[in-house]
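The lines below spell out each chain.
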Amino acid sequence: MLLLLIACDDKKAENKAPSSTLSVIASAAPSVTATATVAVVVDAAPPDSVACQHVLVAYQGAKNAPANITRSKADAKARAEEVHKKAVAGEDMADLANTYSDDQGSRERRGSAGKFKREGMVKPFSDVAFALKVNEISDVVETPFGFHVIKRNQ
C-alpha cells in the first residue's frame with residue numbers, strides 16, 4: 001500500500017528546509033507559488049513468518065484423514081462453514097479447535113499451527129495465512145487435508 005498525502009499552502013513559500021516543503025510554480029499563473037508538505041507511508045515488507053490457529057475439518061479420502069472420519073466432502077465443508085460463522089461471531093478459536101478440529105496435534109495445542117514460514121505449509125493454507133491481518137479470520141480454505149478456518153495471531 002502506498003499512501004501519499006499532500007497539504008498545500010497557497011501563500012508565498014517561506015524560508016523552510018527543502019526536506020519538508022516543496023515549491024511549485026503553477027504554469028497557468030506564473031506569479032503563484034505554493035508550499036506543499038508531502039508524507040509518504042509505505043507498508044513494511046511482508047513478514048518472514050506468521051503464527052496462526054486453525055480448525056481442520058477432514059473428510060473421508062482427504063490426505064492423512066483419521067480412519068474414523070466418514071463424513072463426505074460436502075459435509076466437511078458445511079461443518080467448516082459453521083466453524084467460520086462461530087469464529088467471526090467471536091467464539092474462541094481454541095474452543096472451536098477443541099470441539100471441531102480433526103487435527104489431533106493442533107487440537108491439543110488449542111488450534112495452534114505455530115509460527116511458520118510460507119513454505120512450511122501447503123500453498124493454499126500459506127497463501128491465506130500470509131494474506132490475513134493479525135487477528136483476522138479467513139473464509140473456509142480447502143487443502144488436500146480438508147477444510148480449514150484460519151486465524152492469524154502474529
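Refer to the structure above for everything that follows.
Reading guide: rules and limits
Numbering of residues starts from 1 in each chain and follows the order in which that chain's sequence is written. For this predicted model, a pLDDT threshold of at least 70 governs which residues receive local features, and a threshold of 80 or more governs which side-chain atom pairs are given and counted, while totals over whole chains, interfaces and linings are taken from all residues. By convention in this description, side-chain values take in all heavy atoms of the structure and omit both hydrogens and water. Helix axes use the C-alpha atoms of the stretch in contact, all axes being lines fitted to C-alpha atoms, and the angles between their N-to-C directions lie in the range 0 to 180 degrees. Only DSSP runs of H or I covering at least 4 residues are called helices, and only runs of E covering at least 2 are called strands; the numbering of each starts at the N terminus. Oblique is the label for any angle not covered by the other classes, which are roughly parallel (under 35 degrees), roughly antiparallel (over 145) and roughly perpendicular (65 to 115). Left-handed is the label given to a crossing in which the near helix is rotated counterclockwise from the far helix by less than a right angle, and right-handed is the label when the rotation is clockwise. In what follows, a contact means two residues having at least one pair of non-hydrogen atoms within 4.5 Å. In this classification, the charged set is Asp, Glu, Lys and Arg, the nonpolar set is Ala, Val, Leu, Ile, Met, Phe, Trp, Tyr, Cys and Pro, and all remaining amino acids, among them Gly, are polar. Cavities and pockets were defined on a 1 Å grid built from protein atoms only: a cavity is a group of points that admits a 1.4 Å probe but offers it no way out, a pocket is an open group of points flanked by protein on both sides within 12 Å along at least five of seven lines, and a lining residue is one with an atom within 4 Å of any such point. Grid points are joined across faces, edges and corners, and a volume is the space filled by probe spheres set on the points. The buried label applies to any residue whose accessible area, calculated with a 1.4 Å probe on protein chains only, is under 20% of its type's maximum; exposed applies above 50%, and partly exposed to all values in between. Throughout, the arc means that of the directions going from the helix axis to the C-beta atoms.

**Q** How should the packing of helix H1 (residues 73–88) against helix H2 (residues 93–100) be read in this particular structure?
**A** If you want to describe how two helices pack, look at the angle between their axes and the distance between the axes. H2 packs onto H1 with a crossing angle of 160° between their chain directions and a minimal axis gap of 10 Å. The pairing of H1 with H2 is recorded here as roughly antiparallel in orientation. Crossing angle aside, the handedness with which H1 passes H2 is right-handed. The residues of H2 that touch H1, namely those facing Arg79, Glu82, Val83, Lys86 and Ala87, are Met93, Leu96, Thr99 and Tyr100. For the contact of H1 with H2, a count of residues per class yields five nonpolar, one polar and three charged.

**Q** Looking at this structure, how should I read the layout of surface pockets?
**A** Summary: where empty space remains is shown by rolling a probe the size of a single water molecule over the atoms. Roughly 270 Å³ of volume is contained in the largest pocket. For the lining of the largest pocket, the per-class residue count stands at nine nonpolar, four polar and three charged.

**Q** Can you walk me through helix H4 (residues 123–131) in this structure?
**A** Three- or four-residue spacings in an α-helix give side chains the same orientation, since the helix completes a turn every 3.6 residues. Within the span of H4, buried status applies to Phe125, Ser126, Ala129 and Phe130. Buried residues in H4, looked at end-on, bunch into an arc of 115°, giving them a common side. Pointing more than 90 degrees away from the buried face of H4 are the exposed residues Lys123 and Ala131. On its buried face, H4 is in contact with strand E4 (49–57), strand E5 (112–117), strand E6 (141–143) and strand E7 (146–152).

**Q** Even after reading the chapter, I still don't get unusual backbone geometry, so can you show me in this structure?
**A** Keep in mind that most residues, glycine aside, have a negative phi and that most peptide bonds are trans. A positive phi is found at Asn64, a non-glycine position, where the angle reads about 60°. Looking at the element boundaries, Asn64 is found in the loop between E4 and H1. Classification of Asn64 as exposed rests on a relative accessible area of 65%. With a phi close to 75°, Asn135 is a non-glycine residue in the positive phi region. Here Asn135 shows up in the loop between H4 and E6.

Purely spatial values, then, with no claim about function.
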